[in-house]
Amino acid sequence: LLAPSEGGMLQRFIEGSTLYEGSVGNFYSPFETPENSDDEDEDICEDSGVKIPKRFKRKKDHPLTEQEAEYIKMGEEMLTSAWRTLNSIDWKLEKQLENGDRVQVKQVNGKKVFRLTGYVNISPRQLLEELFYKIEQVPTWNPTLVDCRTIQPIDEHTDISYQVCAEAGGGVVSTRDFVNLRHWAVVEGAYVSAGGSITHPAMPPQHKKVRGENGPGCFAMRPVEGDPDLCLFQWLLDTDLKGWIPQSIIDKALSGAQFDYIAHIRTRAASLATEGLNTSVASCVDIVGETGT
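Below is a short write-up of the structure. Worth saying up front: this structure is predicted, and the values here are computed from it rather than measured. (Residues numbered from 1 in each chain as written. Predicted model: local features only at pLDDT ≥ 70, side-chain atom pairs only at ≥ 80, totals over all residues. Heavy atoms only, no water.)

### With respect to the overall build of the protein chain
Logical step 1: Check the secondary structure of the protein chain and you find six helices and 14 strands.
Logical step 2: Within the protein chain, the fraction of its 293 residues that count as buried is 51%.
Logical step 3: For the protein chain, restricting intrachain contacts to residue pairs at least 6 apart in sequence, the fraction spanning at least 24 positions comes to 62%. (Helix = DSSP H or I, 4+ residues; strand = E, 2+ residues; numbered from the N terminus. Buried < 20%, exposed > 50% of the residue type's maximum accessible area, 1.4 Å probe, protein only. Contact = heavy atoms within 4.5 Å.)

### Comments concerning the nonpolar core
Logical step 1: Among the nonpolar cores identified, the biggest contains 40 residues, and Leu127, Leu128, Tyr133, Met221, Phe233 and Tyr261 are the most heavily contacted of them.
Logical step 2: The element best represented in this core is helix H6 (residues 247-274), accounting for nine residues.
Logical step 3: When residues no more than four places from it in sequence are discounted, the contact partners of Leu127 are Ile122, Met221, Cys231, Phe233 and Ile265.
Logical step 4: In terms of nonpolar packing, the next biggest core, distinct from the first, is built from 14 residues, Trp83, Leu86, Val113 and Val187 among them. (Core = buried A, V, L, I, M, F, W, Y, C linked by side-chain atoms within 4.5 Å.)

### Concerning the packing of aromatic side chains
Logical step 1: Applying the stated criterion to the full structure yields five aromatic pairs.
Logical step 2: Geometrically, the ring pair formed by Phe219 and Trp235 is edge-to-face, given 5.5 Å between the ring centres and 65° between the ring planes. A residue pair is termed long-range when its members are at least 10 positions apart, and Phe219 in strand S12 (residues 217-224) and Trp235 in strand S13 (residues 227-237) qualify at 16 residues. Both residues of the pair, Phe219 and Trp235, belong to the buried class.
Logical step 3: Each ring, one from Phe219 and one from Tyr261, has its centre 5.5 Å from the other, and the planes form 35°; the classification is tilted. One end of the pair, Phe219, is in strand S12; the other, Tyr261, is in helix H6, and 42 residues separate them in sequence.
Logical step 4: Here the aromatic residues Phe219, Phe233, Trp235 and Tyr261 are joined through ring pairs into a cluster of three or more. (Phe/Tyr/Trp six-rings, centres within 6.5 Å; stacked < 30°, edge-to-face > 60°.)

### Examining the side chain of Arg102
Logical step 1: Following the sequence through the fold, Arg102 ends up in strand S4 (residues 102-108).
Logical step 2: By relative accessible area, which is 3% here, Arg102 ends up buried.
Logical step 3: In this structure the side chain of Arg102 is engaged in a polar contact, spanning 3.3 Å, whose partner is the side chain of Gln104. (Polar contact = N/O pair within 3.5 Å; in protein donor to acceptor, adjacent residues only side chain to side chain.)

### A few points about the packing of helix H4 (residues 124-132) against H6
Logical step 1: Running from N to C, H4 and H6 point in directions that differ by 110°, and their axes come no closer than 12 Å. The angle between H4 and H6 falls in the class roughly perpendicular. Residues Gln126, Leu127, Glu130 and Leu131 of H4 lie in contact with H6, whose contacting residues are Tyr261, Ile265, Arg268 and Leu272.
Logical step 2: Grouping the amino acids of the contact of H4 with H6 by side-chain chemistry returns five nonpolar, one polar and two charged. (Axes fitted to C-alpha atoms, helices over the stretch in contact; angles between N-to-C directions. Parallel < 35°, antiparallel > 145°, perpendicular 65-115°, else oblique. Nonpolar A, V, L, I, M, F, W, Y, C, P; charged D, E, K, R; others polar.)

### A look at the side chain of Arg266
Logical step 1: Here Arg266 shows up in helix H6.
Logical step 2: Reaching out from Arg266, the side chain makes a polar contact with the backbone oxygen of Tyr119 at a distance of 2.7 Å.

### Let's talk about H4
In an α-helix, one full turn covers 3.6 residues, which means residues spaced three or four apart are oriented alike.
Logical step 1: Along H4, eight of the nine residues are buried, which leaves the element largely enclosed by surrounding structure.
Logical step 2: Along H4, the residues classified as buried are Pro124, Gln126, Leu127, Leu128, Glu129, Glu130, Leu131 and Phe132.

### What about the environment of Phe259?
Logical step 1: Within the secondary structure, Phe259 is located in helix H6.
Logical step 2: As for Phe259 and Val103, which are separated by 156 residues in sequence, their C-alpha atoms are 7.9 Å apart.
Logical step 3: In contact with Phe259, other than residues within four places in its own chain, are Lys95, Leu97, Asp101, Arg102, Val103 and Leu116.

### Observations regarding the state of the cysteines
Logical step 1: As enumerated under the stated definition, the model contains zero disulfides in all.
Logical step 2: Of all cysteine sulfurs in the structure, the one in Cys165 sits closest to Cys148, which takes part in no disulfide; the separation is 7.7 Å.
Logical step 3: A residue is classified by how much of its surface remains accessible, and Cys148, at 5% relative accessible area, is buried. (Disulfide = S-S within 2.5 Å.)

Quick look at the structure:
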C-alpha cells in the first residue's frame, strides 16, 4: 500500500477524491479518529444498547447509493446464511481443550467449515463493540492478525474491512489477506457479526500477499442466563486460504487459529477489567455444554 502522502488509493477513497460512487468522503464525516480511540464520540443504539461510533452514522442529507444498499442486502444475506449454518446439526468434534473450548467441523456445500465454541467473561454487547467497531485495535491484542482496518463504513451495522493474518502452522501457511463485507444484528438474543469476502476498488490484491476468500461466517456472542458479564462465544469459519496446501495442514492451522483467537479475547477481557470495565478473566471449565449438536 502507498502511504497517505503518496496518494494511495485507500487514502483517496477515505478522503472522497475517488470517482467511485460509494466514496466515504462524500457521505461521512472525516475519519478524525482512525485508530478508534476511546475518546471517539459514540451514540447508544436504543434497541441493542451497543455503542456506535459517530463515524458510522450517515449524514442525514446523504441517502444510500444503490451500491451501498446492495452491500447492506448482501450483508443481511450473509448473516442469515451464517446463522443458519452455525445452528445446524451434525457437527463432528475436531478437537477439545482441557478448559472446554472446542472446535467442530462439518461439510457445507462441499467445503469443510469450522465452529469454535467457548465461554468468555465479557458481556455479549461489549465483545461485539470490540470486534466490530474497534477493528483497528485488534492487532494490538491479537497477534494472529497483522493489520485490520475499515475501508468503508456503510451504515451503523455494515462496513467493508481489510484484514491481514499472520503466518500459521509454524510458517507453513504464509500471510493471507482478506477484504470482507461485515454486517451485525441481534438475532434471537445473540449479538451476531457476520461477513464474507467481496472485491473493493480501494483494496485490490496486494504485492507478496495471498488473497484468501471467506464464505459466509460469523462471530456469535450469546448471553448466559443469570450472568450478564458472561457470554458464549462462537466463531463460524468458512475460508479458502488459496495456494497449494495439504488439507491436513489447513485443518490444523485453522483449528489452532480459532483456539488462539479465543485465548487472545480472554486476554483482552482481562485487560479491560484492569481498566475498570465490567469484565474479568474467563474460564469455561465445567461450563461448556453441547450447543447446536
